[in-house]
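Residues per chain, in single letters:
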Amino acid sequence: MRLNAPLSRLDLLIYGRYRLVHGLRIALAFTLTFLLTRELKLPESTWPLITLVVVMGPISFWGNVFSRALQRVVGTIFGAACGVVALYLELYSMPLMLAWSFAIMFLCGYLALGKRPYVGLLIGITLGVVMGGQPGDIETALWRSGDVILGSLLALLFCSIYPQRAYIHWRLQMHDTLMMAQRLYHTHLSPNVLERPKLTRNHARLLAKMVSLRPLLAPAVKETRLNPPLFEAVQATMRNTLCTLEMLANTYWNDRHSHFLMQSTPELRACQQATETVIIQLALMLKSGDQRELEFAIACLDETSTQVRLSAEEASISGYLWLNVQLTDQLRQLSRLLGLVLQPYGKPTQRP
């Protein structure tokens with residue numbers, strides 16, 4: 001997967017209606033699997049259907065489904081083998097079979113709290129499924145095990161057809177977050193607004209949207225094979241940037257005299273416009289993967305930020321000027337981190 005590939009219209013359509021697509025995918029997979037098991041007349045045919053829903057149901061991002069299906073297959077094979085052993089032991093000694101089952105379920109609970117919890121859970125579930133047959137009924141036990149593995153493989157197959165990638169979903173959500181931040185920033189700074197706009201709830205929703213991106217990070221790391229601290233750094237820098245934007249809004253409308261002074265400072269106004277441009281270009285870069293326009297916007301922001309630093313001796317608005325300088329640094333850092341995410345193995349494209 002090319003990490004800086006531009007997002008197509010089909011990507012925007014599908015990821016913009018992700019829940020509908022996910023529902024249609026599961027419905028189609030369930031229907032086709034049911035027809036397949038009915039046509040082949042598989043014994044214990046309910047288990048592929050159950051497995052399919054368990055693997056695909058919670059979330060169908062490729063980074064999650066692939067690892068979950070592999071863990072399920074490993075847990076199923078081991079649990080099935082343990083179940084077959086338990087059925088054999090039951091033919092000779094019920095206490096020995098119970099001791100064996102006790103040991104396997106202890107292992108299940110131990111692994112369930114480790115790095116591969118799904119393996120531990122599936123060992124216990126498959127052991128229960130296999131032992132649920134009649135004593136000594138090895139054939140039923142093997143069919144149930146095979147059906148569960150079949151369900152896992154079918155889930156992988158259906159999810160691999162135009163797979164839903166958490167990385168692409170993260171890019172689009174980050175784009176939307178940046179565009180929302182730019183609109184709030186523009187509204188607060190608009191010279192046509194005479195009273196402070198009531199946007200407290202909008203700021204809260206913006207921060208909540210950033211928190212909602214966290215579940216995407218783990219599958220995105222698996223899909224891209226990038227270091228998890230890189231995504232964490234993007235998340236932290238983005239959150240700090242949004243908080244700085246909110247503090248800028250509070251400071252901008254805190255005092256009427258300072259407010260008009262800020263409006264009449266040309267260096268500050270130029271810096272604000274350059275900041276808006278950088279935020280927009282950051283959002284567009286996440287869709288297109290092209291960093292050239294952003295590099296030019298960052299250069300303009302650095303130039304205007306230097307002018308703001310030189311005018312920071314104005315005591316009444318020095319705090320606001322300092323916040324603008326901090327915002328510039330944060331946007332520069334965010335630009336660098338997103339560049340590493342989109343193009344980790346090559347040099348950024350230079351503007352001609």
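On a predicted model such as this, the values are computed, not experimentally measured, just so you know.

**Concerning the pattern of salt bridges**
Should the charged atoms of two oppositely charged side chains come close, the side chains can pair. One pass over the full model with this rule turns up four salt bridges. Linking Asp290 and Arg292 is a salt bridge whose minimum nitrogen-to-oxygen distance equals 2.8 Å. Classification of Asp290 by relative accessible area gives partly exposed; the value is 29%. Take Arg292: its relative accessible area is 33%, and that puts it in the partly exposed class. For Asp329, the salt bridge is made with Arg332, and the minimal N-O distance between the two is 2.9 Å.

**Some details on the UniProt feature "transmembrane region" (unreviewed entry) in the chain**
Taken from the UniProt record, the annotation "transmembrane region" (unreviewed entry) applies to residues 20–37, 49–66, 73–89, 95–113, 118–135 and 141–162. The span residues 20–37 carries 100% helix and 0% strand; its end-to-end C-alpha distance comes to 26 Å.

**As for the packing of helix α5 (residues 94–112) against helix α6 (residues 117–131)**
Two numbers describe how α5 lies on α6: the axes approach to 6 Å, and their chain directions differ by 155°. With respect to α6, the element α5 is oriented roughly antiparallel. When the axes of α5 and α6 are compared, the crossing they make is left-handed. Contacts from Met97, Ser101, Ile104, Met105, Cys108, Leu111 and Ala112 of α5 reach α6 at Pro117, Gly120, Leu121, Ile123, Gly124, Leu127 and Met131. Its residues assigned to classes, the contact of α5 with α6 shows 11 nonpolar, three polar and no charged.

**Comments concerning the packing of aromatic side chains**
Under the criterion given, the structure shown has two aromatic pairs. When the centroid spacing of 6.3 Å and the interplanar angle of 20° are considered together, the rings of Tyr167 and Trp170 count as stacked. You can see Tyr167 and its partner Trp170 sitting in helix α8 (residues 166–189), three residues apart, about one turn around the helix. Taking relative accessible area as the criterion, Trp170 reaches 1% and is therefore assigned buried. Measuring from centroid to centroid gives 5.1 Å for Trp170 and Phe231, while their planes differ by 75°, and the two rings are edge-to-face.

**Brief notes about the layout of surface pockets**
By volume, the largest pocket amounts to about 220 Å³. Counting residues per element, the ones that place at least two in the lining of the largest pocket are α4 (62–92) and α6. No other element matches the five residues that α4 contributes to the lining of the largest pocket. A per-class count over the lining of the largest pocket returns three nonpolar, three polar and four charged.

**Thoughts on helix α9 (residues 200–212)**
The end-to-end C-alpha separation of α9 is 19 Å, in line with the 18 Å expected for 13 residues at 1.5 Å each. Packing partners of the buried residues in α9 comprise α8, α10 (214–224) and α11 (228–252).

**A few points about α5**
Three or four residues apart is the spacing at which side chains of an α-helix point the same way, because the helix has 3.6 residues per turn. The end-to-end C-alpha separation of α5 is 27 Å, in line with the 27 Å expected for 19 residues at 1.5 Å each. When we look at burial in α5, the residues that qualify are Met97, Ser101, Ile104 and Cys108. Looking down the long axis of α5, one finds its buried residues gathered within 65° of arc, a one-sided arrangement. More than 90 degrees from the buried face of α5, the exposed residues found are Pro95, Phe102, Phe106 and Tyr110. Where α5 is buried, its residues contact α4 and α6. The backbone nitrogen of Leu96 lies 3.3 Å from a side-chain oxygen of the residue at the head of α5, namely Ser93.

About the thresholds
Residues numbered from 1 in each chain as written. Predicted model: local features only at pLDDT ≥ 70, side-chain atom pairs only at ≥ 80, totals over all residues. Heavy atoms only, no water. Salt bridge = Lys/Arg side-chain N within 4 Å of Asp/Glu carboxyl O. Buried < 20%, exposed > 50% of the residue type's maximum accessible area, 1.4 Å probe, protein only. UniProt positions renumbered as here; feature names shortened; annotations may be inferred. Helix = DSSP H or I, 4+ residues; strand = E, 2+ residues; numbered from the N terminus. Axes fitted to C-alpha atoms, helices over the stretch in contact; angles between N-to-C directions. Parallel < 35°, antiparallel > 145°, perpendicular 65-115°, else oblique. Left-handed = near helix turned anticlockwise from the far one by under 90°. Contact = heavy atoms within 4.5 Å. Nonpolar A, V, L, I, M, F, W, Y, C, P; charged D, E, K, R; others polar. Phe/Tyr/Trp six-rings, centres within 6.5 Å; stacked < 30°, edge-to-face > 60°. 1 Å grid on protein atoms, 1.4 Å probe; cavity = no way out; pocket = protein on both sides within 12 Å on 5 of 7 lines; lining within 4 Å. Points joined across faces, edges and corners; volume = space filled by probe spheres on them. Expected span 1.5 Å × (residues − 1). Arc of directions from axis to C-beta. Polar contact = N/O pair within 3.5 Å; in protein donor to acceptor, adjacent residues only side chain to side chain.

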